[in-house]
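Architecture at a glance
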Amino acid sequence: KKEIMSTCAVSDTGSESASVDCLIAALASQEASQNSSTDVFYHIFCASLVFFMQAGFAMLCAGSVRAKNAKNIMLKNLLDACGAALGFFALGWGFAYGGEDPKTKTFIGDFDFFLHENQSGHHAFFFQFAFAATAATIVAGTIAERCTMVAYLCYSTLLTAFVYPVVVHAVWSKSGFLSAFNNDPVFDVGVVDFAGSGVVHMTGGCSALIAAIVLGPRMGRFFDEQGKVLDTPTEMPGHSTSLQMLGTFILWTGWYGFNPGSTLGITYGGAAEIASLSAVTTTIAAASGCVTALGFRYFCSDSLARQYDLTAAMNGCLGGLVAITAGCSVVQPWAAVPIGAIAGLVYIGCSNLLIKLRIDDTVDAVPVHFANGMWGLIAVGLFTDPTLKSAAYGGTGAGLFYGEGKLLGAEICCILFIIGWVTAIMLPF
């Protein structure tokens, strides 16, 4: 303050009005600097919450496998974070955001590899890296107990260094052909995926599904030693419900960095309200998904053997979190209830379908992340409030329940692109 007053002090030859103008300019500059620092801190804090989700995934996966495989799955979770850091640093960041320009549309970025130019600041890279690591870790749980370490590390690194960044570029970069931030967005609205139901969870979940199909089921899960189909699939429960529960709560906590943090700042106009709304809808959807999955599994089971299924409750909660991630900032709090409730049912239905198809998903990551990531994008096309969409994204656009269908069309295009792109690259690999 003394420095500002000294710089703008009225001299013998100066005018008072010039001094006042100088003072206003200096204070505005100081405020801008403080706001920038606050936004950077908010970025780093939320990214740290997202990265802490790695601990949640590790606990959930460790508790879901048999005790003899716990050490192996923990190492894979650690290597996920390491591979994502190196792969996204070397190539992923440049492919995702390099050389973005809202006046053009490109398929992939081509600039700022190895953070050579650091065009958006180190805090932006750290935030996006945490998201990339999340996408990679989804795969680990699905193929637990039957994948070699080297093969898994290569698969995970390819996902974070190339496959995932292309999806990010398409949806979140200003140059993306599906992006709502481009000057010429698809269907005049672009894809709304605020925190990544499609970009992060569908991409990771689709990769996990492909890996599970290629690797096949665990020994004894669906087939006997002679390769004959078992009449009833063998249950292979995890060794620690406590670790599963701990992992679920850690993931839920991390989601408050995932969704509110996707405002990418907290000081610009409306950011605080958008972040607050995102936190509320996130909470409601998680609760709705948990209760619905638990209740449906209980009432639809044999009346003589009914019991509350904790696994269904935990995964229903996570499914609700995944589903609300795309639209947390553009739907009203009441809409989070049906979004979360349907997510619980989607989880149950997809989990049962995988068993019928004899696809072995150790932790039910495909129903939680892939199926509910898809539902999350569709939900945006149905429930988006035009006022909230304008506040979070600018421009026009609303869900089908508000009388518009363009946004739903854009979301379906995003779903088809993610499935096609991930399958085309990860299936041959």
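How each quantity is defined
Residues numbered from 1 in each chain as written. Predicted model: local features only at pLDDT ≥ 70, side-chain atom pairs only at ≥ 80, totals over all residues. Heavy atoms only, no water. Helix = DSSP H or I, 4+ residues; strand = E, 2+ residues; numbered from the N terminus. Rg over C-alpha atoms; globule rule 2.2 N^0.38 Å. Buried < 20%, exposed > 50% of the residue type's maximum accessible area, 1.4 Å probe, protein only. Contact = heavy atoms within 4.5 Å. Arc of directions from axis to C-beta. Polar contact = N/O pair within 3.5 Å; in protein donor to acceptor, adjacent residues only side chain to side chain. Phe/Tyr/Trp six-rings, centres within 6.5 Å; stacked < 30°, edge-to-face > 60°. Lys NZ or Arg CZ within 6 Å of the ring centre and 35° of its normal. Salt bridge = Lys/Arg side-chain N within 4 Å of Asp/Glu carboxyl O. Axes fitted to C-alpha atoms, helices over the stretch in contact; angles between N-to-C directions. Parallel < 35°, antiparallel > 145°, perpendicular 65-115°, else oblique. Left-handed = near helix turned anticlockwise from the far one by under 90°. Nonpolar A, V, L, I, M, F, W, Y, C, P; charged D, E, K, R; others polar. pLDDT = per-residue confidence, 0-100.

Regarding the overall build of the protein
Counting secondary structure elements, the protein contains 13 helices and 0 strands. Each helix and strand of the protein, ordered N terminal to C terminal, gives the series α-α-α-α-α-α-α-α-α-α-α-α-α. Here the C-alpha atoms of the protein give a radius of gyration of 23 Å, agreeing with the 22 Å that 2.2 N^0.38 yields for 429 residues. Per-residue burial for the protein yields a buried fraction of 53% across its 429 residues. Contacts in the protein between residues far apart in sequence, at least 24 positions, make up 75% of those at least 6 positions apart.

So, helix H12 (residues 386-393)
Residues Leu388, Lys389 and Tyr393 constitute the buried set of H12. Taken down its axis, H12 places every buried residue within 105 degrees of arc, on the same side. Exposed side of H12, more than 90 degrees from the buried face: Thr387 and Ala391 are the residues found there. Buried residues along H12 sit in contact with helix H8 (271-299). Sitting at the amino-terminal end of H12 is aspartate 385, which places a side-chain oxygen 2.8 Å from the backbone nitrogen of threonine 387. Two residues or fewer after H12 comes glycine 394, characterised by a positive phi angle close to 80 degrees.

Structural notes on unusual backbone geometry
Positive phi is not limited to glycine here, since leucine 115 has a value of about 55 degrees. Assignment of secondary structure puts leucine 115 in the loop between helix H3 (70-97) and helix H4 (122-142). The buried category is assigned to leucine 115, whose relative accessible area is 15%.

Regarding the packing of aromatic side chains
Applying the stated criterion across every chain, the model contains 27 aromatic pairs. With 6.3 Å between their ring centres and 15 degrees between their planes, phenylalanine 107 and phenylalanine 177 make a pair best called stacked. Taken as a pair, phenylalanine 107 in the loop between H3 and H4 and phenylalanine 177 in the loop between helix H5 (149-171) and helix H6 (197-215) lie far apart in primary sequence, 70 residues in all. Judged by its relative accessible area of 39%, phenylalanine 107 falls in the partly exposed class. Residue phenylalanine 177 is classed as partly exposed on the basis of its relative accessible area of 27%. With 6.4 Å between their ring centres and 65 degrees between their planes, phenylalanine 194 and tyrosine 393 make a pair best called edge-to-face. Residue phenylalanine 194 is located in the loop between H5 and H6, and its partner tyrosine 393 is located in helix H12; the two are separated by 199 residues in the primary sequence. A relative accessible area of 14% places tyrosine 393 in the buried class. Put simply, the rings of Phe95, Phe107, Phe113, Phe162, Phe177, Phe417 and Trp421 touch in pairs and so form one group of aromatic residues. The ring of tyrosine 152 has lysine 76 sitting right over it, with the charged end atom 5.8 Å from the ring centre.

Considering the pattern of salt bridges
This structure, assessed with the given rule, holds 7 salt bridges. Among the ionic pairs, glutamate 145 bridges to arginine 218, the shortest N-O distance being 2.6 Å. With glutamate 145 in the loop between H4 and H5 and arginine 218 in the loop between H6 and helix H7 (241-258), the pair connects residues that are 73 residues apart, well separated along the chain. Comparing glutamate 145 with arginine 218, the two get one shared label, buried. The residue aspartate 360 makes a salt bridge to arginine 146 at a minimum N-O spacing of 3.9 Å. Of this pair, aspartate 360 sits in the loop between helix H10 (333-356) and helix H11 (365-383) while arginine 146 sits in the loop between H4 and H5, and the two are 214 residues apart along the sequence. Arginine 146 carries the same exposure label as aspartate 360, and that label is buried.

Brief notes about the side chain of histidine 201
Examined against the element boundaries, histidine 201 turns out to sit in helix H6. Look at histidine 201 and you get buried, because its relative accessible area is 0%. Dropping the residues within four chain positions of it, histidine 201 is found in contact with Ile138, Gly196, Trp255, Phe258, Val322, Thr325, His369 and Phe370.

Concerning the packing of helix H9 (residues 310-325) against H10
Across the interface, H9 lies against H10 with an axial gap of 8 Å and an inter-helix angle of 125 degrees. Taken as axis vectors, H9 and H10 run oblique relative to one another. As H9 packs across H10, the resulting crossing turns out to be right-handed. Within the contact between the two elements, H9 uses Thr311, Ala312, Asn315, Gly316, Gly319, Gly320, Ala323 and Ile324 and H10 uses Ala336, Ile339, Gly340, Ala343, Tyr347 and Ile348. Along the lines of polarity and charge, the residues of the contact of H9 with H10 split into 8 nonpolar, 6 polar and no charged.

A look at the confidence of the model for the protein
Confidence in the prediction of the protein, expressed as mean pLDDT, is 91, and 96% of residues score 70 or more. Looking across the protein, the model is least confident in helix H1 (residues 2-7), with a mean pLDDT of 60, and most confident in H11, with 97.

Here's the deal with the side chain of asparagine 182
Position of asparagine 182 among the secondary structure elements: in the loop between H5 and H6. Reaching out from asparagine 182, the side chain makes a polar contact with the backbone oxygen of lysine 174 at a distance of 2.8 Å. Those residues in contact with asparagine 182 that lie beyond four places of it in its chain are Asp101, Pro102, Thr104, Lys105, Lys174, Ser175 and Gly176.

Some words on the environment of leucine 86
Mapped onto the elements, leucine 86 comes out in helix H3. Residue classification places leucine 86 among the exposed residues on the basis of a relative accessible area of 61%. C-alpha of leucine 86 to C-alpha of phenylalanine 129: the two residues are 43 residues apart in sequence and 9.5 Å apart in space.

Observations regarding the packing of H7 against H9
Where H7 meets H9, the closest approach of the two axes is 11 Å, and the angle between their N-to-C directions is 15 degrees. Considered as vectors, H7 and H9 are oriented roughly parallel to each other. Our pair here, H7 against H9, has a crossing hand that is left-handed. Across the interface between the two elements, Thr241, Gln244, Met245, Thr248, Leu251, Trp252, Trp255 and Phe258 from H7 touch Leu310, Thr311, Met314, Cys317, Leu318, Leu321, Val322 and Thr325 from H9.

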